[in-house]
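# Descriptive analysis of the structure
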Amino acid sequence: MTKILGRLFLVLVVLLIVLIYLCFPYVSRMTDRWLERDLEVRSQIIFGSIHDDMKEALAAGDGDRIRKLFQNIAQDGHLFAIGFCDRQGALSYRSANFPSNFLCGDNQGLANNPLFIPQKNAGNKLLIAKFPLLDMGKSVGTLIIINDLGYTAQHYQDVYKIVFGFLLAVCLVAVLATLLIAYMTLRGWLRTVRILLQTKNVEIADRHKIPSELKPLVLDLYRLLRRRSQNRQSTNPTRNLWTAPSLQHFLETELPKEEIIIVSNREPYVHNEESGNIILQTPAGGLVSALEPVMRACKGTWIAHGSGSADKSMVDSRDHLAVPPENPSYTLRRVWLSEEEEAGYYHGFANEGLWPLCHMVFTRPVFREENWRQYQAVNRKFADAVVAEAKSKSPIILVQDYHFALLPALIHERLPGAIVATFWHIPWPNAEAFSICPFREEILKGLLGSDILGFHTQFHCNNFFDTVDRFLECRIDRERTTATRSGHTSLVRPYPISIEWLPPAVASLPPAAACRENVIKKLQLPQKLKLGVGVERFDYTKGIVDRFQAIARFFRQNPSWIGKFSFIQVAAPTRSNLPRYREIQEETIKLVETINEEFGRDTWKPIILIIAHYNQPSVFELFRAADFCIVSSLHDGMNLVAKEFVAAREDERSVLILSTFAGASEELLEALIVNPHDTKGMADSIYRALHMSAEEQEQRMRLLRRIVRDHNVYWWAGKMLRDVARTRKSSAISAATNSQGKYGNIISLQAAQSTLKKFLQNVSIRKNA
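What comes next is a walk through the structure. Computed from a predicted structure; not experimentally measured.

What follows covers the overall build of the protein. Each helix and strand counted, the protein has 22 helices and 23 strands in total. For the protein, with 769 residues in total, the buried portion stands at 49%. Sequence-distant contacts in the protein: of pairs separated by 6 or more residues, those separated by 24 or more amount to 70%. Split by element, the accessible area of the protein, about 38,300 Å² in all, is 54% carbon and sulfur.

Ranked by size, the top nonpolar core spans 175 residues in total, and within it Phe464, Phe565, Phe623, Phe628 and Leu656 carry the most contacts. Element by element, the count of residues in this core is highest for helix H22 (residues 713-768), at 9 residues. When sequence neighbours within four positions are dropped, the list of residues in contact with Leu656 reads Cys629, Val631, Ala642, Phe645, Val646, Leu668, Ala671 and Leu672. Core analysis: the second largest hydrophobic core is formed by 18 residues, Ile46, Ile66, Ile82 and Ile145 among them.

With that out of the way, let us pick up the sheet that holds strand E20 (residues 607-611). Judged by pairing direction, the sheet is parallel, and its 6 strands sit side by side in the order E20-E19-E18-E21-E22-E23 without closing on themselves. Since the sheet does not close on itself, it has two edges, and those belong to E20 and strand E23 (672-674), each with one partner. Geometrically, the sheet is characterised by an average inter-axis angle of 20 degrees between neighbouring strands, direction not taken into account. Both strand E18 (residues 530-537) and strand E21 (residues 628-631) contribute to a ladder of 2 bridges, which runs parallel. Bridging across to E21, Val533 finds its partner in Cys629. On top of the sheet, helix H18 (residues 616-625) reaches E18, strand E19 (565-572) and E21; it is set at about 150 degrees to E18, its chief contact.

Taken in spatial order, the 10 strands line up as E10-E11-E9-E6-E12-E13-E14-E17-E16-E15 in an open sheet, and their pairing is mixed. Pairing within the sheet leaves two strands with one partner each, and these edge strands are strand E10 (320-323) and strand E15 (475-477). Strand-to-strand, the axes of this sheet are offset by a mean angle of 20 degrees, without reference to chain direction. Across 3 bridges, the pairing between strand E6 (residues 260-263) and strand E9 (residues 301-305) is parallel. Residue pairing across strands places Val263 opposite Ile303, the latter belonging to E9. Lying on the sheet, helix H9 (residues 369-389) is in contact with E6, E9, E10, strand E11 (330-335) and strand E12 (396-400); it crosses E9 at an angle near 155 degrees.

Here is what the cut-offs are and how they apply
Residues numbered from 1 in each chain as written. Predicted model: local features only at pLDDT ≥ 70, side-chain atom pairs only at ≥ 80, totals over all residues. Heavy atoms only, no water. Helix = DSSP H or I, 4+ residues; strand = E, 2+ residues; numbered from the N terminus. Buried < 20%, exposed > 50% of the residue type's maximum accessible area, 1.4 Å probe, protein only. Contact = heavy atoms within 4.5 Å. Areas by Shrake-Rupley, 256 points an atom, 1.4 Å probe, with all protein chains shown as cover. Core = buried A, V, L, I, M, F, W, Y, C linked by side-chain atoms within 4.5 Å. Pairing = 2+ DSSP bridges. Axes fitted to C-alpha atoms, helices over the stretch in contact; angles between N-to-C directions.

Right under this line is the structure:
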């Protein structure tokens, strides 16, 4: 608080000095005019005092009397000289100091009005006052009174000091009063905040004690501290590091014998037929890499679209498949879609409509009526699959991503006892952007069928609340982070998704030096070459073009690095049937060719573009070989590539360059955070990464690894399932309360009937008596 008050005092003093500096010329002019006016009044008084004597002496021709009169008056320290000019303009009488070069002929014909003239003479600043002397209405001459402005100004320096001293005192009093008020206000606020934050809970009954201007701040701080405290308690490695066994233990204790079903579009294992052979593949993308280890721990059912060319040949009669193949721990249920359904629901509405709608990358979303109908139909088909797979009337269903915005409400219609937790893996736009969607109300109603609705960041939660508030009749409680519509309450919270710690692929890899040797050998690169790496799907939201433009800018700014550094980009083809994805792939290839042509030397290329699907071991090998990794998403919900890169660096070396528009940037603060639209800033970050000392790399990577380790995917799942367990228990309590209320009403009715019967019997007895 001392620093705050000190800064405020400094600002006020500076403003005071500026104010005095600006006001000084005005005050000076005003004081000078005041001085002149004072002398004018003095001159008029002198003229008035000798007017009659002058007329008598002139009429009598008594020059000695006039000279004696002038001599007496000239003794006034303010008066410089006095003289008299006759009607012919000749100086007839004057005091000793009267200027010798004064000409009476100037400014004659004054009529009846005096004339005041500031003038300089021989270095003296003078005020000359000319008074016409009249006798019987006729001018007999002019009385000249000359005042010394310089002599008088010396005496008025005290006036200046008093005026400015007064102004300074007033300003200082104002500054001190402002500081005192600010100090008392800040001290009161801080005391209130300290007291409230020391309590374990901010109850509704105590909220009236919070000053109205502090209420938003205090409640936001309390929620933030509560979340951080919960995260600290759940992630402290000395107490409870979340792992697969700890998640299983949590399920056994908090959700015993509960049935868990995951629903997603993408399946964790895909079977494709190539050259007569069936090949098992693990799809690229963060969703599968995050959810698959959770599902292994939960041992439930995963419902997904069977998209592989050989998927049907691998399932049983109920479309089931036990996975993982090497150690089955859960069931994969595949749902089949026709080409028309996949084109309309997945490629059309989901990826041409919702995907660009939610990512602020200036790609226009396309919404077609036929695609919307397919989206509705596929959501209903998956709802049928959920109902068919549910072994009880109250399963826990984890709905994943933007492909199933309608599914939560559809499930609750048919399984009202189910707990539906939906996680939206991509950003949620602001309300104005979301208004573009012509089916916005239906999507919002579908999502509000969730008991729990999760986003990556609080910012996305706030955007969702704003959107619901704008388009639906809904009661929103931002303090409890809930939205209630038609009697159903949805808890809306941030759950930053993560990866498994440590990824199994990392454990099987050799050390970083050996990985580097392997990559150098495979790509036939020079031994001492510095390597940067990027691994993404070929998606326009990933900022691959912006990344390459920054690399070109880096080489232009640092030509000495030509031939000493190459960037390896692995880009997995995706959604190639959509025009925008084909365009970004073609644009990227042309840009790489242009950059390689401009900067390439002999066999060396600045950018090595690999368009292929890399399996996890190959990706992690690249991560271990690189001197830095760039994640330059233009807009991303989380981006797990950044966390996978951190997990791969067991040697605590290398540098992560991370976009500020990726959700991961809110957690991975020790990365070099960049704006991917700032080409120069990106180029400067590449330079910094290549020149960063080993000590700084180690410090940064150690902190990054601690965050990813503590906030792993089991922590993410545990955090969401903890809210699921709380919701389940609350529902059970509400059901029991409603049941007691129902039976209580029946008992009360029976008691009333018995009392009425006794009353009638008594009336009958008295009547008979």
